[in-house]
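Here's the letter readout for the chains.
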Amino acid sequence: MQKHSVKPVELNQEYTLVVNSHSHEGEGIGRINNFAIFVPGAIPGEEVKVKITEVKKSFARGVLKEIIVASKNRNQENCTLIDTCGGCSLQHMNYDAQLEMKKEIVESTLKKIGGIEIEVAPTIGMDEPVAYRNKGQFHVHKKDGQVTLGFYNKNSHDVMGTNNCSLFSEKINEIVVFLEEILTDEQIKVYNQKDKTGYLRNIVFRQSKETNEIMLIFVTNNKANKLNKIISLIEEKFPEVTSFFQNINPEPGPIILGKEFKLLKGKGLISDKLGSLDFAISPESFFQVNTEQAEKLYTKALEYAGLTGTETVVDAYCGIGTISLFMAKHAKKVYGIESVTRATEDAKFNAIINEVTNAEFIAAKIEKWLPKWVEEGNSADVIVVDPPRKGCDQETLQAMVEAKPGKIIYVSCNPSTLARDLKFIVAGGYEVKKVQPVDMFPLTSHVESIILMTSSTSEAKK
Ligand SMILES: C[S@@+](CC[C@H](N)C(=O)[O-])C[C@H]1O[C@@H](n2cnc3c(N)ncnc32)[C@H](O)[C@@H]1O
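Residues numbered from 1 in each chain as written. Predicted model: local features only at pLDDT ≥ 70, side-chain atom pairs only at ≥ 80, totals over all residues. Heavy atoms only, no water.

Q: Pulling in residues and values, what's your account of the overall build of the protein?
A: Tallying secondary structure elements over the protein gives nine helices and 21 strands in all. Its C-alpha atoms give the protein a radius of gyration of 24 Å, near enough to 23 Å, the size a compact globule of 462 residues would have. Counting only C-alpha atoms, the protein reaches 65 × 60 × 40 Å along its principal axes. Counting every position in the protein, which comprises 462 residues, the buried fraction comes to 53%. Carbon and sulfur atoms make up 49% of the accessible area of the protein, which amounts to about 21200 Å² in all. (Helix = DSSP H or I, 4+ residues; strand = E, 2+ residues; numbered from the N terminus. Rg over C-alpha atoms; globule rule 2.2 N^0.38 Å. Buried < 20%, exposed > 50% of the residue type's maximum accessible area, 1.4 Å probe, protein only. Areas by Shrake-Rupley, 256 points an atom, 1.4 Å probe, with all protein chains shown as cover.)

This is how it looks when you write it as structure tokens:
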């Protein structure tokens, strides 16, 4: 980006500009005298009036005041909270345009950070991108005696009610309203972010798409259990809530869940289905938030692996064993490696309920386990990695290329760390063959991708 000694825009002034590109967060970008202005909510092709809210050395940011010429990709029916909620940054665009933008984000990030130029496949979208979230994390807030469950405002930590959020099922929205009523009536002390006092901090929901059963997790500031009355009232009205947990989080920071979970009532697990496989999920285990799209993602992983029944597969960062079990029925042996012990236990249980006997799950950090496993002379035909947003550690990447599998499949929810890691793997003797974005998070700028890499050396296992 070019640096300007005299900025062509001034704070709080209004300007008219044409938007001609977008950022990786989906904000529109227009230029004044070649000085980039980022405008959330503006779409490439639009002419807009903006008010400048921030001026930096090489760019500025503005709020959209008026759309002078609208894009044909502008969505006309938006959520009533579009101007305040920080949740759905792409909801002002129609769905096809969102999918196209995500493809472009992946393509340009791979090129810019990874130096990889490749044709990216069109993003796999949903038939109907609504009510897709199987997990919701709501902040609990009290003002003038009234309790609200909601999300942070766009530009602050003020909590705003969700007003029937379309990302969740009707049932979750009904329970949210009911909880707001009973928490207000029962005078439950709500945690105050500012002075760090109070009891109830967050309420987390998980819902099974297959069975509709719901798990509720009450996040509290201390170990006291003041929730029994609330639980009885919910149980009476909503029999689909089958597990009630307390999670204790005394830490003052922004992380929602603490380390300790206590089952207060119910089964303690919810069950869901992906393809023909059943999965049991504990409150602390990772499970993709969009069940319908997760199934498409894992089906793609299986297609890329091209298994014939003779292969050894390593599924690194395996969670509750989703990808491992998708692969196990078509491979000789699968190793699933996961750092959260409880998730590994879920994975072992999931192998049993699906009658899979050739998958072994190991509770370990992959950056410790894989180098040792390779050093002991082991090798795999296919290595799948599906790391958290920060991507893979150097030790993992190094061990992966040293293991010389015929195929590496990389599943990622962060194009930037993906691009960084692919660059390393390419330097280690691999070629990027296929890049497939999958829309796991419709209406937001987040994008999941799956990448197939094959070895470009003859030493690797075919
Ligand atoms: C994006 S999730 C993917 C889980 C699984 N593949 C799925 O699709 O459900 C990443 C997983 O990696 C686990 N994890 C994080 N750091 C790890 C590490 N250093 N070694 C092994 N697993 C790790 C997390 O607990 C989480 O379950």
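Still to come is the rest of the account.
Q: Lay out the state of the cysteines with the relevant residues and their values.
A: The final tally for this structure, using the stated rule, is zero disulfides. Cys88 supplies the cysteine sulfur nearest to Cys85, a cysteine that is in no disulfide, at a spacing of 6.2 Å. We classify Cys85 as buried; its relative accessible area is 18%. Cysteine Cys165 remains unbridged, with the sulfur of Cys88 as its closest cysteine sulfur at 6.0 Å. (Disulfide = S-S within 2.5 Å.)

Q: Tell me about the nonpolar core, and name the residues and values.
A: Residues Leu179, Ile203, Phe205, Phe218, Ile234 and Met327 are the most contacted members of the largest nonpolar core, which totals 86 residues. Considering every element that reaches this core, the biggest residue donor is helix H2 (residues 170–185), with seven residues. No fewer than three residues from each of domain 2 (106–126 + 290–455) and domain 3 (135–274) sit in this core. With residues near it in sequence (within four places) discarded, Leu179 still touches Leu149, Ile203, Phe205, Phe218, Ile230 and Ile234. By size, the runner-up hydrophobic cluster in this structure holds 37 residues, among which are Val314, Ala419, Leu422 and Met453. (Core = buried A, V, L, I, M, F, W, Y, C linked by side-chain atoms within 4.5 Å. Domains from an automatic or database assignment. Contact = heavy atoms within 4.5 Å.)

Q: I'd like a description of H2, backed by residues and values.
A: Taking 1.5 Å per residue, 16 residues should reach 22 Å; H2 reaches 23 Å between its end C-alpha atoms and fits that length. Among the residues making up H2, those that are buried are Ile172, Asn173, Ile175, Val176, Phe178, Leu179, Glu180, Ile182, Leu183 and Thr184. Along its buried surface, H2 packs onto strand E6 (135–143), strand E7 (146–152), strand E9 (200–207), strand E10 (214–220), helix H3 (228–237) and strand E11 (241–248). Phi turns positive, to about 55°, at Gln187, one or two residues after H2. (Expected span 1.5 Å × (residues − 1).)

Q: Now, about the site of the ligand: what can you tell me, with residues and values included?
A: In the vicinity of the ligand lie 17 residues, with Tyr298, Glu338, Ile366, Glu367 and Asp386 positioned nearest. Here an oxygen atom of the ligand sits 3.1 Å away from a polar atom, N or O, in the side chain of Thr322. Glu338 is positioned with one of its side-chain polar atoms (N or O) 2.7 Å from an oxygen atom of the ligand. Counting only elements with at least two residues in the shell around the ligand, the list comes to helix H5 (322–328) and helix H7 (366–375). Tallied by class, residues from the shell around the ligand come to ten nonpolar, three polar and four charged. (Near = heavy atom within 4 Å. Polar contact = N/O pair within 3.5 Å; in protein donor to acceptor, adjacent residues only side chain to side chain. Nonpolar A, V, L, I, M, F, W, Y, C, P; charged D, E, K, R; others polar.)

Q: I'd love a proper account of the sheet that holds strand E3 (residues 35–39), names of residues and values included.
A: Strand order in the closed barrel formed by five strands is E1-E2-E3-E5-E4, with mixed pairing between adjacent strands. Strand after strand, the sheet turns through a mean of 50° between neighbouring axes, direction not considered. Examined bridge by bridge, E3 and strand E5 (residues 59–69) share three bridges and lie parallel to one another. Looking across to E5, one finds that Ala36 is bridged to Phe59. (Pairing = 2+ DSSP bridges. Axes fitted to C-alpha atoms, helices over the stretch in contact; angles between N-to-C directions.)

Q: Tell me about the packing of aromatic side chains, residues and numbers included.
A: Summed over all chains, the structure comprises eleven aromatic pairs. These aromatic residues form a ring-pair network of at least three members: Phe138, Phe151, Phe168 and Phe205. Positioned above the aromatic ring of Tyr199, the side-chain terminus of Lys226 is 4.6 Å from the ring centre. (Phe/Tyr/Trp six-rings, centres within 6.5 Å; stacked < 30°, edge-to-face > 60°. Lys NZ or Arg CZ within 6 Å of the ring centre and 35° of its normal.)

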